[in-house]
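Residue strings, one per chain:
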Amino acid sequence: SQTIHQWPATLVQPVGSPLSLECTVEGTSNPNLYWYRQAAGRGLQLLFYSVGIGQISSEVPQNLSASRPQDRQFILSSKKLLLSDSGFYLCAWSAWGETQYFGPGTRLLVL
Amino acid sequence: GDSVTQMEGPVTLSEEAFLTINCTYTATGYPSLFWYVQYPGEGLQLLLKATKADDKGSNKGFEATYRKETTSFHLEKGSVQVSDSAVYFCALILANAGGTSYGKLTFGQGTILTVHP
């Protein structure tokens, strides 16, 4: 069966520091991968998606970037964090644009 | 553009009460429809889905029927439990118009459900 992992689970970072969140999927090949952000008390916003290695599409302009160095690895990064980057970051995978399955999430607090 | 609208929350019920969370959508084409549930501090879990009109998705006592004529996918449960307390998200997905494998998942704003003993 397929599983999706995210780490770290929780992160507290100062403003201006770099960020790297990792997501990995097991049990499937060539998945579509997604990064979402959920701000406190609000819905989910799609940040990036990827249909293959090295292929990244951004949904909204922002302070973040994403990379997919391996088939089942998706990384969310920032060079300098802003206060507004705080939130709950969720990674998801799907096969051919159908049902998306979510990871446990990373809670990021920027101080 | 595509959108999903959920009923305003929060919803507070007593245990064993009947639950309805309304969801309506607008979409160009024929979307697949989903309900996800998010328990406190956790990621989203797929609760149920329906991929075409008149399909009924069901899981853990929850049901939702894909109504094309009313563009709705309301979530129902006959008897809620305290353990059902969570945030519920309605969502839809459409394949990219160019026929690629990417499908953009559009979420409603979420409905907070609290069930008291």
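Residues numbered from 1 in each chain as written. Chains lettered and ligands numbered in written order. Predicted model: local features only at pLDDT ≥ 70, side-chain atom pairs only at ≥ 80, totals over all residues. Heavy atoms only, no water.

A.B. asks: Just checking my understanding: could you explain the sheet that holds strand 3 (residues 19–21) of chain B for this structure?
C.D. replies: Neighbouring strands of a sheet are bound in pairs by backbone hydrogen bonds; such pairs are parallel or else antiparallel. All names here are of chain B. The 4 strands lie next to each other as 3-9-8-7, forming an open sheet whose pairing is antiparallel. With partners counted over all chains shown, the strands left at the sheet margins are strand 3 and strand 7 (56–59), one partner each. Neighbour-to-neighbour, the strand axes of this sheet turn through a mean angle of 15°, independent of strand direction. Alignment of strand 3 against strand 9 (residues 75–77), held across 3 bridges, turns out to be antiparallel. Residue pairing for strand 9: Thr20 is matched across the bridge by Glu76. (Pairing = 2+ DSSP bridges. Helix = DSSP H or I, 4+ residues; strand = E, 2+ residues; numbered from the N terminus. Axes fitted to C-alpha atoms, helices over the stretch in contact; angles between N-to-C directions.)

A.B. asks: Which parts of the structure should I look at to understand the state of the cysteines?
C.D. replies: A covalent bond between the sulfur atoms of two cysteines is what we call a disulfide. Residue and element names in this part refer to chain A. All chains considered together, the criterion is met by 2 disulfides over all chains. With its sulfur 2.0 Å from that of its partner, Cys23 forms a disulfide with Cys91. Here Cys23 and Cys91 share a disulfide; its torsion about the S-S bond, -75°, makes the bridge left-handed. Of this pair, Cys23 sits in strand 3 (residues 19–26) while Cys91 is found in strand 9 (residues 87–94), placing the two residues 68 residues apart along the sequence. (Disulfide = S-S within 2.5 Å.)

A.B. asks: Would you take a moment to explain the interface of chain B and chain A for this structure?
C.D. replies: Accessible area lost upon the coming together of the parts is a frequently used measure of interface size. The partner chain A presents 23 residues to the 19 residues of chain B that form the contact. In total, chain B and chain A occlude about 1,600 Å² of area from one another, counting both sides; carbon and sulfur atoms represent 57% of this. Linking chain B with chain A are 0 salt bridges, by the criterion used here. Summed over the shared surface of chain B and chain A, the result is 4 residue pairs in polar contact (both at pLDDT 80 or more). Sorting the residues of the side of chain B that touches chain A by element identifies strand 5 (32–38), strand 6 (44–50), strand 10 (86–95) and strand 11 (103–107) of chain B as the ones contributing at least two each. Classifying every residue of the side of chain B that touches chain A gives 9 nonpolar, 7 polar and 3 charged. (Contact = heavy atoms within 4.5 Å. Buried area = accessible area lost by both parts, 1.4 Å probe. Salt bridge = Lys/Arg side-chain N within 4 Å of Asp/Glu carboxyl O. Polar contact = N/O pair within 3.5 Å; in protein donor to acceptor, adjacent residues only side chain to side chain. Nonpolar A, V, L, I, M, F, W, Y, C, P; charged D, E, K, R; others polar.)

A.B. asks: Explain the environment of Gly57(B) to me, please; I cannot follow it from the model alone.
C.D. replies: Residues and elements named next belong to chain B. By the secondary structure assignment, Gly57 is in strand 7. Look at Gly57 and you get buried, because its relative accessible area is 4%. Along the chain, Gly57 and Phe34 lie 23 residues apart, while their C-alpha atoms are 8.6 Å from each other. (Buried < 20%, exposed > 50% of the residue type's maximum accessible area, 1.4 Å probe, protein only.)

A.B. asks: In this structure, what is going on with the sheet that holds strand 8 (residues 73–78) of chain A? I would like to understand it.
C.D. replies: Residues and elements named next belong to chain A. In spatial order, the strands read 1-3-8-7; together these 4 strands make up an open sheet with antiparallel pairing. The open sheet has two edge strands with one neighbour each: strand 1 (3–7) and strand 7 (65–70). Direction aside, the axes of adjacent strands within the sheet are offset by 20° on average. In this sheet, strand 3 lies alongside strand 1 in antiparallel orientation, the contact comprising 5 bridges. Residue Trp7 lies in a different strand from strand 3, and its bridge partner there is Glu22.

A.B. asks: For this particular structure, what's the right way to read unusual backbone geometry?
C.D. replies: Phi is mostly negative for residues that are not glycine, and the peptide bonds are mostly trans. Of note, the amide linkage connecting Trp7(A) to Pro8(A) takes the cis form, showing an omega dihedral of 0°. Mapped onto the secondary structure, Pro8(A) falls in the loop between strand 1 and strand 2 (10–13). Positive phi, close to 55°, is recorded for Lys60(B), a residue that is not glycine. Although it is not a glycine, Thr71(B) sits at a positive phi angle of roughly 45°. Structurally, the position occupied by Thr71(B) is in the loop between strand 8 (62–65) and strand 9.

A.B. asks: Help me out: how do you make sense of the pairing of strand 8 of chain B in this one?
C.D. replies: Strand residues, when the strand is regular, have side chains that alternate between the two faces of the sheet. All names here are of chain B. As judged from the 4 bridges shared by strand 7 and strand 8, these two strands associate in the antiparallel manner. In the sheet register, Ser58 faces strand 8, and the bridge partner there is Glu63. As defined by bridge partners, strand 8 adjoins strand 9 across 3 bridges and the pair is classed as antiparallel. Within the sheet, the bridge partner assigned to Ala64 lies in strand 9 and is Leu75.

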